[in-house]
Amino acid sequence: MVSEKNRGKLGIALVGLGAYSENQLAPALLQTKHCYLAGIVTRSSEKAARWKREYDIPDENIYDYDNFDSIRDNRSIDIVYIVLPNAMHEEYVVRAAQAGKHVICEKPMALTVEQCDRMIAACKEARKMLSIGYRLHFEPHNLEMMRIGREEVCGKVVRIKAEHGMSDTQGWRIDKALAGGGPLMDVGIYCVQACRYVTGLEPIAVEATETPKTKPEKFRDVEEGLNWTMEFPGGIIAECRTSYSEKQNLLRIEAENGWAELSPAFPYSGIKGKTSGGDLKFPQVNQQALQMDDFALAIKTSRPTPVSGEMGRQDVKILQAIYRAMETGQRVEI
Ligand code: NAD
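Residues numbered from 1 in each chain as written. Predicted model: local features only at pLDDT ≥ 70, side-chain atom pairs only at ≥ 80, totals over all residues. Heavy atoms only, no water.

> Now, about the pattern of salt bridges: what can you tell me, with residues and values included?
Per the counting criterion, the structure on display carries 26 salt bridges. With a shortest N-O distance of 3.1 Å, Lys52 and Asp59 are connected by a salt bridge. Salt bridges sharing partners connect three or more residues here, namely Arg159, Glu239, Arg252, Glu254 and Glu261. (Salt bridge = Lys/Arg side-chain N within 4 Å of Asp/Glu carboxyl O.)

Put into structure tokens, the structure is as follows:
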């Protein structure tokens, strides 16, 4: 039975109740207008009990990974949101689509383009929509950077700097089998996204250099840090950095007649921006609430999502090219 306050909203089930679901998505779903937290998928009975209490989730909307496919029979779940380690995205997106649900998948969409193709195909076949958790497409400072770059507000963009790194990373994120790589997969992807969204263009080629490891025993099979460049049409060069041992958070556009910069550029809140013409003044928003509401509205009104599976696939294609460039020391065309 849907409560009065959730009537008319689409029901979302979160798959994987880790840090992002617990600290960002579930609280955001208390602020959404067009969707709400209807169900959970977890293998932990402790989490199931705690979430049931905290978010008033009925028993019949609580699943584990084994009985997940029976979500097909649950009419109060419209959207399944995959918030699992990267290597598990493909399996759960495909299972969600086959269960007849619309799907949101966290970034990076998958480890390979082939996986992305199978995910897109499964959603198409099921006639369900697929979206990627690119929250910054709903964040006003980043939207303004898109406008400045694409509308050539300070003239043509000449150079971009994008950096995203963090420290103290542990667990599945430094296990190549589950993460697909190191910081490039996890946070460097924001730089790839940003360069694409501020230019509205696709990179032609990449070059990449791994930074020397300061902790080789910890970063055994993934890079600890990576510097790379992307060439865009019109001679635009993007210089990017990512790291699991250094905090970095910057997006800067240099154009013919001025510049614009976000620092920090990518966090959940506290984004700050300035340009050669003055400070950027925009409100802080709940990015995840806006992202999920936009997807719910896209489904309700049958319009495309601005953060599609195809967009996620293109980022994965670029990430793979960056790794190839890192491994070969060669310029890799995309
Ligand atoms: P997390 O480690 O906190 O949670 C992972 C969840 O997956 C846990 O509930 C864990 O129990 C479950 N899980 C199931 N099988 C597992 C396995 N074999 N190994 C490890 N965990 C397993 O991770 P997180 O930070 O919540 O990240 C989850 C996904 O969300 C990732 O794809 C990540 O890139 C993405 N993410 C996106 C953002 C964003 O801003 N869009 C932020 C954080 C994370």
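> I'd like a description of the packing of helix H7 (residues 183–199) against helix H9 (residues 309–328), backed by residues and values.
Think of two packed helices as two axes; the pair is described by the angle between the axes and how far apart they sit. At a closest axis distance of 10 Å, the pairing of H7 and H9 adopts a crossing angle of 115°. Put simply, H7 runs roughly perpendicular to H9. Remark: the crossing between H7 and H9 carries right-handed chirality. For the pair H7 and H9, the contacting residues are Leu184, Met185, Ile189, Val192, Gln193 and Arg196 in the first and Met311, Gln314, Asp315, Ile318, Leu319, Ile322 and Tyr323 in the second. Each residue belonging to the contact of H7 with H9 can be placed in one class, and the counts come to 9 nonpolar, 2 polar and 2 charged. (Axes fitted to C-alpha atoms, helices over the stretch in contact; angles between N-to-C directions. Helix = DSSP H or I, 4+ residues; strand = E, 2+ residues; numbered from the N terminus. Parallel < 35°, antiparallel > 145°, perpendicular 65-115°, else oblique. Left-handed = near helix turned anticlockwise from the far one by under 90°. Contact = heavy atoms within 4.5 Å. Nonpolar A, V, L, I, M, F, W, Y, C, P; charged D, E, K, R; others polar.)

> Please provide a residue-by-residue account of unusual backbone geometry, values included.
Backbone torsion omega between Lys107 and Pro108 reads -15°, so that peptide bond is classified as cis. With an omega of 0°, the peptide bond running from Ser263 to Pro264 counts as cis. Positive phi is not limited to glycine here, since Asp56 has a value of about 60°. Here Asp56 shows up in the loop between helix H2 (45–55) and strand S3 (62–63). With phi around 50°, Ser302 is a residue other than glycine that occupies positive phi space. Locating Ser302 in the fold gives a position in the loop between helix H8 (287–300) and H9. Judged by its relative accessible area of 66%, Ser302 falls in the exposed class. (Buried < 20%, exposed > 50% of the residue type's maximum accessible area, 1.4 Å probe, protein only.)

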